[in-house]
Amino acid sequence: MATRYVMSIDQGTTSTRCIVFDRRGHLVSVTQREHRQHFPRPGWVEHDAVEIWRNLERIGPEALARAGIGPEQVVAVGIANQRETTVLWDRRTGVPVGRAIVWQDTRTDALVEELSRRPGAEAVPERCGLPLAAYFSAPRIRWLLDHTPGLRERAESGEVLFGTMESWLIWNLTGGPDGGVHVTDVTNASRTLLMDLTTLDWDDGLLAFFGVPRRMLPRIRPSTETYGTARRVFPGVRIAAALGDQQAALFGQTCFASGEAKCTYGTGGFLLLNTGTTPVRSAHGLLTTVGYQVGREPAVYALEGPIAVTGALVQWFRDGLGLISSAPEIETLARTVQDNGGCYIVPAFAGLFAPHWRSEARGVIVGLTSYVTKGHLARAVLEATAWQTREVVDAMNADSGLALRTLRVDGGMTADNLLMQIVANVLDVPVVRPMAVETVSLGAAYAAGLAVGYWADLEGLRRNWHRAAQWSPHMDPRLRTAEHDNWRRAVERALGWVRPVPGHR
């Protein structure tokens, strides 16, 4: 009998990838295609959802060909996706209503400000676990309904559908206008501001508050379940899992026990802590989100701390300042000095995310003297990622009553050994990187394989996890305390920078 495989689609912010995995979780083949980033106005970020679908049509069969297999050897496909990015499309034609509004887009700031002053605003976090912020999907849906003539009527009559990227891809894979399945999974639904965290269903009160018609919304399903069979790209293959990308990384890192946490370091940083089957409401600026739901089992919840700028600060150091010519050089440059020379960088390029949620904050470099060199600046860049991680971990420990014992890490920045050592030092816990670097894709594959019995249980997945590297903390506790105090003072100087212009909304 031919060997069987599982496949994942990783629909990310800058590209879409298809990866084939074997039973041990090893990567067999990978294909990738970038899509265009559209910036029509300051603060606006858009994607062409049709371009993303066409890219998948191209790279899906390529991934099978590179693995030397046919679709009949693929037991299931799982999807991981950029979260909160909002697509609206016509049910009959499959044509999107304009471009998708990306999670980084800030055009809804004024709308969110207005909504936050309305009666009922205080109930939003209680019901959905998220702060009322422009980061999430509901304000984007509302913005499109308000700014596209005739769209609200079409949405109310069920002609127009809403979805995040996994919904859009599943609908197209399963037939599109010809019987496409309109679903989302609990992890993506938990990022919309529209789902009740305890019932795991769309909440009428939240729908009314945001003015979003129920008829345009997908059905909410578990993360691991056969949603339908692909009719295009992978004909006959079951689509058996969907997870938001950060939840997929939590799954791929096999953080299945309460108290286990992972941080993905890419453009931004995303730290998720498994809190078990009871949602933990945050009093310290974190998001309460669904981690995953395996079939009919109770949902597993997580606390999440998104950090807006981690790898993006290195990119700015390279492209904006021209102090290095490639990202890996930051480590070499930072190693030319012993410390930061008294210099701290708070990278609030477009405000601060967790645990502050201050959209008016802006980046600062403090402590500059003539002693400071580009080596000190490079070190301050790396330390910014570590201290932002520390802020989130402190908030998680306070909210959950669990003390983090180890941090599992993944993402491009984990190749920087000095950064990982600094993170271990400031957290005072070991930092561990697994052999499998593609944890987002692997998590989607694991979930799909689990849904169809390719893997028997979570324990079997745990056995696939192997440590590649570990960094243990070695920092004088007094120095750690002093540096932490300096960092906090630097953050205070970043707050309150943008002030409203009189007469402008």
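Data block above holds the structure.
This structure is a prediction, so every number in the text was calculated from the model and none was measured.

Trainee: Quick rundown of the overall build of the protein? Include the residues and the values.
Mentor: Within the protein, the secondary structure is distributed over 16 helices and 23 strands. Compactness check: the protein gives a C-alpha radius of gyration of 22 Å against a globular reference of 23 Å for 505 residues, within 12% of the reference. Seen through its C-alpha atoms, the protein measures out along the principal axes to roughly 65 × 65 × 45 Å. Side chains of the protein give 53 positive and 52 negative charges; the mean places of these two sets differ by 2 Å.

Trainee: How would you explain the sheet that holds strand S21 (residues 407-410) if you had to name every residue and give the values?
Mentor: Pairing in this open sheet of 7 strands is mixed, and the strands run S17-S18-S16-S15-S21-S22-S23 from one edge to the other. Unpaired on one side and paired on the other, strand S17 (287-292) and strand S23 (467-471) mark the two borders of the sheet. Along the sheet, successive strands turn relative to each other by an average axial angle of 30 degrees, direction set aside. On the sheet, helix H12 (residues 374-400) packs against strand S15 (261-265), strand S16 (269-276), strand S18 (300-307) and S21 and is oriented at approximately 150 degrees with respect to S18.

Trainee: Would you mind going over the side chain of aspartate 185 in detail, with residue names and values included?
Mentor: Looking at where aspartate 185 falls in the secondary structure, it is placed in strand S9 (residues 183-185). Buried aspartate 185, no salt bridge; nearest opposite-charge side chain is arginine 83, N-O distance 9.5 Å. At 2.9 Å, the side chain of aspartate 185 and the side chain of asparagine 188 are in polar contact. Once residues within four sequence positions are removed from consideration, aspartate 185 is found in contact with Glu166, Ile220, Arg221, Pro222, Ser223, Tyr227, Ala242, Leu243 and Gly244.

Trainee: So what about helix H9 (residues 245-252)? Which residues, and what values?
Mentor: Counting buried positions along H9 gives 8 out of 8 residues, so the element sits mostly inside the fold. What H9 keeps buried is the set Asp245, Gln246, Gln247, Ala248, Ala249, Leu250, Phe251 and Gly252. Two residues or fewer past H9, threonine 254 is found with a positive phi of approximately 50 degrees.

Trainee: Give a description of the environment of valine 87 that names residues and reports values.
Mentor: Its location among the elements puts valine 87 in strand S6 (residues 87-90). Taking C-alpha positions, valine 87 is 9.2 Å from aspartate 48, a pair spaced 39 residues apart along the chain. Ignoring anything within four residues of it in the chain, the contact list for valine 87 reads Ala49, Ala100, Leu161, Phe162, Gly163, Met165 and Trp168.

How each quantity is defined
Along each chain, residue indices are assigned from 1 in the same order as the chain's sequence is written. Reporting of local features is limited, given that this is a predicted model, to residues whose pLDDT is at least 70; pairs of side-chain atoms are given and counted only at 80 or more, and all residues count toward the totals for whole chains, interfaces and linings. As a rule here, side-chain values cover all heavy atoms of the structure and leave hydrogens and water aside. Secondary structure elements follow DSSP: runs of H or I of four or more residues count as helices, runs of E of two or more count as strands, with numbering from the N terminus. The atom set for the radius of gyration is the C-alpha atoms, and the globule formula is 2.2 Å times the number of residues raised to the power 0.38. Two residue types count as positive, namely Lys and Arg, and two as negative, namely Asp and Glu; His and chain ends fall outside the count. For the purpose of locating charges, the reference atoms are NZ of Lys, CZ of Arg, CG of Asp and CD of Glu. The rule for pairing is simple: two strands pair if DSSP sees at least two bridges between them. Angles run from 0 to 180 degrees between N-to-C directions of axes, and those axes are lines fitted to C-alpha atoms, restricted for helices to the stretch in contact. Throughout, a contact is declared for two residues whenever any of their heavy atoms are within 4.5 Å. For every residue, the accessible area obtained with a 1.4 Å probe (protein chains only) is divided by the maximum for its type, and the residue is called buried under 20%, exposed over 50%, and partly exposed between those limits. The salt bridge criterion pairs a side-chain nitrogen of Lys or Arg with a carboxyl oxygen of Asp or Glu, the two atoms within 4 Å. Two N or O atoms form a polar contact when they lie within 3.5 Å of each other; inside protein one atom must be a possible hydrogen donor and the other a possible acceptor, and for residues adjacent in sequence the pair counts only when both atoms belong to side chains.

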